[in-house]
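What follows is the residue order along each chain.
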Amino acid sequence: MDGSLQISPMTRLLALNTEIHEMRSQLMRQTPAGGRIAELQDGIDRRRRASLAACWLSGGYDLEDEDGDDEDGCAG
């Protein structure tokens, strides 16, 4: 596939976050008898996982840095 046709991770992240917001709004308007609650929750979960992957691909977060290191890599 031509590289110019690919969507950047940040663009994908913004689109996914917008979809999640819209689905959460729909979920809040559902009645218990509506029957779409589980479907909407599954869709939100899938998009949330996809947005985490897009965020990781964008290089915005270091998923391994959870040990309290400073920005320069020194423990403090």
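That block above? That's the structure.
In what follows, the accompanying structure is described. (Residues numbered from 1 in each chain as written. Predicted model: local features only at pLDDT ≥ 70, side-chain atom pairs only at ≥ 80, totals over all residues. Heavy atoms only, no water.)

### Concerning the overall build of the protein chain
Part 1: For the protein chain, the helix and strand inventory stands at 2 helices and 0 strands.
Part 2: Sorting the 76 residues of the protein chain into buried and exposed places 14% on the buried side.
Part 3: Expressed as a percentage of contacts within the protein chain between residues at least 6 apart in sequence, the contacts between residues at least 24 apart total 46%. (Helix = DSSP H or I, 4+ residues; strand = E, 2+ residues; numbered from the N terminus. Buried < 20%, exposed > 50% of the residue type's maximum accessible area, 1.4 Å probe, protein only. Contact = heavy atoms within 4.5 Å.)

### Digging into the environment of Leu-14
Part 1: Its place among the elements puts Leu-14 in helix H1 (residues 9-29).
Part 2: Take Leu-14: its relative accessible area is 57%, and that puts it in the exposed class.
Part 3: On a C-alpha basis, the gap between Leu-14 and Cys-55 in space is 9.8 Å, while along the polypeptide they are 41 residues apart.

### Quick word on the side chain of Ser-51
Part 1: With respect to the helices and strands, the residue Ser-51 is situated in helix H2 (residues 37-58).
Part 2: Reaching out from Ser-51, the side chain makes a polar contact with the backbone oxygen of Arg-48 at a distance of 2.8 Å.
Part 3: Leave out the neighbours within four places in its chain, and Ser-51 touches Leu-13, Leu-16, Asn-17 and Ile-20. (Polar contact = N/O pair within 3.5 Å; in protein donor to acceptor, adjacent residues only side chain to side chain.)

### So, the nonpolar core
Part 1: Within the largest apolar cluster, 5 residues are counted, these being Ile-20, Met-23, Leu-27, Leu-40 and Ile-44.
Part 2: For this core, the secondary-structure elements that each account for two or more residues are H1 and H2.
Part 3: Among the elements that make up this core, the one with the highest residue count is H1 (3 residues).
Part 4: Setting aside residues up to four positions removed in sequence, Ile-44 forms contacts with Ile-20, Met-23, Arg-24 and Leu-27. (Core = buried A, V, L, I, M, F, W, Y, C linked by side-chain atoms within 4.5 Å.)

### Comments concerning H2
Part 1: Here H2 contains 22 residues, and its C-alpha end-to-end distance of 31 Å stays within 8% of the 32 Å for a straight helix at 1.5 Å per residue.
Part 2: Contacts from the buried residues of H2 go to H1.
Part 3: Just past H2, the residue Gly-59 takes up positive phi, approximately 80°. (Expected span 1.5 Å × (residues − 1).)

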